[in-house]
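Fold and contact review
Each chain, written out:
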Amino acid sequence: MLIVMRQDATPEQIQGVVRAIEARGFKAHPIPGAQRTAIGITGNRGAVDRPVFESLPGVLEVIPVTHAYKLVSREVKPEPTVVDVGGVPVGGPELAVAAGPCAVESLEQTLVVARRVRRAGARLLRGGAFKPRTSPYSFQGLGEEGLRILAAAREETGLPVVTEALDAEGVDLVEKYADAIQIGARNMQNFSLLRRCGKASKPVLLKRGLAATLEEFLMSAEYILAEGNYQVILCERGVRTFNSHSRNTLDLNVVPLARQISHLPVLVDPSHGVGMRDRVRPLARAALAAGAHGLVMEVHTHPDTAYSDAQQTIDVDTFRGIVEDVEVMRKLAPLFP
Ligand code: PEP
Ligand code: MN
């Protein structure tokens, strides 16, 4: 259910509606818009008593939300959400480019990559300190030391940091050091992690699960918003299909559709999506043509020596070329509001 306030509703009237919602044991989600404030209601089991809310001062109308996803949908918030990652807007007219190694390997490696991707045009630094690896014997990341290294790289380059939290308990640490918390593909339906991130003070980059439908993807985002964190970025990173010619299949079909249904920004990670470094650039171009708000890519100064995901990691020259593509693609007429 969504309560739309009148354009001239006062802050007191908005507060009054919030109190009335909470008095019934529901959760209120005020969503300020360009014209008026809307207030989403979640936590109700059955129907909400519509006439009660319709009669409150300042209320224009009470409308049922038809989709399963509510807070993430454009029905509830027609204007696009711009997420602020350490001062860098994601979801606005500027396309956001996040770059960095798959894993933080050392201070030296991270500083060198961060400096070079910044000079090449990156706006955000990515890199895993906690790595979700298929094998328990593979490099698992440097843990908190990796987070300290990322913070040092931010200090020097000014690039805000996006890094993964593997579980709900790990969010405290990641939240302390990072500018955005990444939820990895394998964790897209880790509900305790989603709920914890919903209470976090930092934005969340939510990656699509390996076999998740768009509805499941949006419902996972809904978990985070339902807990009160509205700063969520969706990231398509490829799904499993029958094909054997690439690591995953980058599902760009999802980009325009996610943008139609949801107000949340949508980034694309062509590195994991295709899995081979020579194909990252064409897929990056395609992602922007499909309407992505930006890209997340694995970049290393010596890709062949990368501790993880070396085969899909591009070098800095290739990255610079992609940033040039971004400049070209930015001039395309926007497909969506
Ligand atoms: C990553 O970004 O390095 C990563 C592990 O991504 P994903 O969760 O999409 O596999
Ligand atoms: Mn990786």
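Bear in mind the structure is a predicted one, so any value in this text is a computation, not a measurement.

**Some thoughts on the environment of Y177**
- Checked against the element boundaries, Y177 lands in helix α5 (residues 171-177).
- You can call Y177 buried: its relative accessible area is 14%.
- Here the alpha-carbon distance between Y177 and T163, two residues 14 residues apart in the chain, equals 9.2 Å.
- A polar contact is formed between the side chain of Y177 and the side chain of E144, at a distance of 2.7 Å.

**As for the coordination of the manganese ion (ligand 2)**
- With distances of 2.1 to 2.4 Å, the protein atoms coordinating the manganese ion (ligand 2) are C102 (SG), H272 (NE2), E298 (OE) and D309 (OD).
- Sequence spacing of the donors to the manganese ion (ligand 2): C-x169-H-x25-E-x10-D. Of this pair, C102 sits in the loop between β7 (96-100) and α3 (107-120) while D309 sits in the loop between β14 (294-298) and α11 (316-330), placing them 207 residues apart in sequence. The burial state of C102 is the same as that of D309; both residues are buried.

**Examining the sheet that holds strand β2 (residues 27-32)**
- Read from one edge to the other, the open sheet built from four strands follows the order β2-β3-β1-β4, with strand pairing classed as antiparallel. In the strand order of this sheet, the two ends are held by β2 and β4 (59-63), each with one partner. Taken pair by pair, the neighbouring strands of this sheet meet at an average axis angle of 20°, ignoring direction.

**Structural notes on the packing of helix α10 (residues 280-289) against α11**
- Between α10 and α11, the least distance of the axes is 10 Å, while the angle of their chain directions is 20°. Between α10 and α11, the interaxial angle falls into the category roughly parallel. Note that α10 runs across α11; the crossing there is right-handed. Between α10 and α11, the residues in contact are V280, R281, A284, R285, L288 and A289 and G321, I322, D325, V326 and M329, respectively.

**Quick look at the pairing of strand β11 (residues 204-207)**
- The alternating pattern of β11 places V204 and L206 and L205 and K207 on opposite faces, both of which are buried.
- With three bridges connecting them, strand β10 (residues 180-183) and β11 associate as parallel partners. Following the sheet pairing, I183 is matched in β11 by L206.
- Chirality of the crossover, the property in question, places the unit of β10, helix α6 (residues 191-198) and β11 among those that are right-handed.
- Direction of pairing for β11 relative to strand β12 (residues 232-236): parallel, over a ladder of four bridges. Note that in β12 the partner of K207 across the bridge is C235.
- In this fold, the crossover linking β11 to β12 by way of helix α7 (residues 214-226) has right-handed handedness.

**A short note on the confidence of the model for the chain**
- On average, residues of the chain carry a pLDDT of 96, and 100% of them reach 70 or more.
- Taking the mean pLDDT of every element in the chain, the minimum, 92, falls on helix α2 (residues 50-54) and the maximum, 99, on β11.

**Description of α6**
- Along α6, the positions that sit buried rather than exposed are L193, L194, R196, C197 and G198.
- On its buried face, α6 is in contact with α5, β10, β11 and α7.

**A look at the packing of aromatic side chains**
- All told, the structure shown has two aromatic pairs when counted by the stated rule.
- Summarising the aromatic geometry, the rings of F139 and Y307 are spaced 4.9 Å apart at their centres and angled 90° between planes, so their arrangement reads as edge-to-face. Here F139, found in the loop between β8 (124-126) and α4 (144-157), pairs with Y307, found in the loop between β14 and α11; they are 168 residues apart in sequence, far enough to count as distant.
- By relative accessible area, F139 is classed as partly exposed at 23%.

**Concerning unusual backbone geometry**
- Of note in the backbone geometry, D309 takes a positive phi value of approximately 55° without being a glycine.
- Since its relative accessible area comes to 14%, D309 is described here as buried.

**Some remarks on the packing of α3 against α11**
- Packing of α3 against α11 brings their axes to within 9 Å, and their N-to-C directions diverge by 30°. Relative to α11, the element α3 is oriented roughly parallel. Handedness of the crossing formed by α3 with α11: right-handed. Where α3 abuts α11, its residues R116, V117 and A120 lie against V316, F319, R320 and V323.
- Grouping the constituent residues of the contact of α3 with α11 by class yields five nonpolar, no polar and two charged.

**Things to note about the site of ligand 1**
- Lining the immediate environment of ligand 1, one finds 13 residues, of which R126, K131, A185, R186 and R237 sit closest.
- With respect to ligand 1, the backbone of A185 contributes an N or O atom lying 2.7 Å from an oxygen atom.
- Between R186 and ligand 1, the recorded distance is 2.9 Å, taken from a side-chain N or O atom to an oxygen atom.
- A total of 300 Å² of accessible area belongs to ligand 1 in isolation, and the protein chains cover 97% of it.

**Considerations on α4**
- The end-to-end C-alpha distance of α4, which contains 14 residues, comes to 20 Å, matching closely the 20 Å that a straight helix rising 1.5 Å per residue would cover.
- Listing the buried residues of α4 in full gives G146, L147, I149, L150, A151, A153 and T157.
- The first or second residue beyond α4 is G158, which carries a positive phi of 80°.

What counts and how
- Residues numbered from 1 in each chain as written.
- Chains lettered and ligands numbered in written order.
- Predicted model: local features only at pLDDT ≥ 70, side-chain atom pairs only at ≥ 80, totals over all residues.
- Heavy atoms only, no water.
- Helix = DSSP H or I, 4+ residues; strand = E, 2+ residues; numbered from the N terminus.
- Buried < 20%, exposed > 50% of the residue type's maximum accessible area, 1.4 Å probe, protein only.
- Polar contact = N/O pair within 3.5 Å; in protein donor to acceptor, adjacent residues only side chain to side chain.
- Donors = N, O, S within 2.8 Å, 3.2 Å for Na, K, Ca; no water.
- Pairing = 2+ DSSP bridges.
- Axes fitted to C-alpha atoms, helices over the stretch in contact; angles between N-to-C directions.
- Parallel < 35°, antiparallel > 145°, perpendicular 65-115°, else oblique.
- Left-handed = near helix turned anticlockwise from the far one by under 90°.
- Contact = heavy atoms within 4.5 Å.
- Right-handed = clockwise from strand over helix to strand, strands pointing away.
- pLDDT = per-residue confidence, 0-100.
- Phe/Tyr/Trp six-rings, centres within 6.5 Å; stacked < 30°, edge-to-face > 60°.
- Nonpolar A, V, L, I, M, F, W, Y, C, P; charged D, E, K, R; others polar.
- Near = heavy atom within 4 Å.
- Areas by Shrake-Rupley, 256 points an atom, 1.4 Å probe, with all protein chains shown as cover.
- Expected span 1.5 Å × (residues − 1).

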